[in-house]
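Chain by chain, the residues run as shown.
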Amino acid sequence: MGILDMLFGKEEAPEEVTERCRQTIVDLLPAMGHKKGESWDIGEEGRIIFFQGSAGIFIDFDMLGERPCVAFLSPIVKLPADNLLPFYRHLLELNQTLCGLVSLGVENDVVYVCTQRSLASMTELSLTEAIDDIGSCADDLDDLLHQEFEAPFYDPEDSR
C-alpha cells in the first residue's frame, strides 16, 4: 500500500492526500541532490518547480475525476520553423520508445515531456522514479530536438 493510500481503512480527503504528496516531494528533492533556491523552489499556488540540467520541470496537483493526481510537465522546445512533418513523426517515434512513464505532447507550439499519476498508490520510490524519469528525459530531449531539428529551446519568458 502506498504512502498516500488509505490509512487503517479510512479514506483521506483529497486535499490531505495532495498536501502529503507535496510535502513528500519537498522532502525528496533535497535527498536527490536538489538544493532549494538553486535547483528547485515553490512557485505560485504551491507549484513545485525544479531544474535538471537545462530542463525546467513543473509539478502541479489536480483532480482526475474524483481522485487527486500529480502532473509533471516540462516545456522543452518550441516547434521548429521547418520540417514540421518529420519533426512530428520523430516525436511519435520517441513516444513509443520513451520509458513508459513519460510522454511527449504539444501545446501552444511548445513540446512538453509530461506524465500524470494518481496519488492513491504513490510511494516515495514511485515519486523518486517520476522525478528522475521526467528530469532525465526532458534534459536529454531538449538538446536532441534542438540539434536534430533546430527546434528553439523553450524560454519561460515567452509564456508571459
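Everything that follows concerns the structure shown earlier in this document.
Now for a quick tour of the structure. None of these values were measured; they are calculated from a predicted model.

Quick look at the nonpolar core now. Within the largest apolar cluster, 38 residues are counted, with the highest numbers of intra-cluster contacts made by I25, I59, F87, V111, V113 and L145. Of all elements in the fold, only α1 (14-31), β2 (48-52), β3 (55-64), β4 (67-78), α2 (84-97), β6 (110-118) and α3 (124-149) reach the threshold of two or more residues within this core. Looking at this core element by element, the count peaks at nine residues for α3. Beyond its immediate sequence surroundings of up to four residues, I59 is in contact with I25, R47, I48, F50, V70, A71 and F72.

Read across the open sheet, the six strands follow the order β1-β2-β3-β4-β6-β5; overall the sheet is antiparallel. Strands with a single pairing partner mark the edges of an open sheet, and in this sheet they are β1 (40-42) and β5 (103-107). With strand direction ignored, the average angle separating the axes of adjacent strands in the sheet is 30°. Packed on one face of the sheet, α2 meets β4, β5 and β6 and runs near 145° to β5. Here α3 sits on the sheet in contact with β2, β3, β4, β5 and β6, set at roughly 15° to β4.

Rules behind the numbers
- Residues numbered from 1 in each chain as written.
- Predicted model: local features only at pLDDT ≥ 70, side-chain atom pairs only at ≥ 80, totals over all residues.
- Heavy atoms only, no water.
- Core = buried A, V, L, I, M, F, W, Y, C linked by side-chain atoms within 4.5 Å.
- Buried < 20%, exposed > 50% of the residue type's maximum accessible area, 1.4 Å probe, protein only.
- Helix = DSSP H or I, 4+ residues; strand = E, 2+ residues; numbered from the N terminus.
- Contact = heavy atoms within 4.5 Å.
- Pairing = 2+ DSSP bridges.
- Axes fitted to C-alpha atoms, helices over the stretch in contact; angles between N-to-C directions.

Keep in mind that these numbers describe shape and distance, not what the molecule does.
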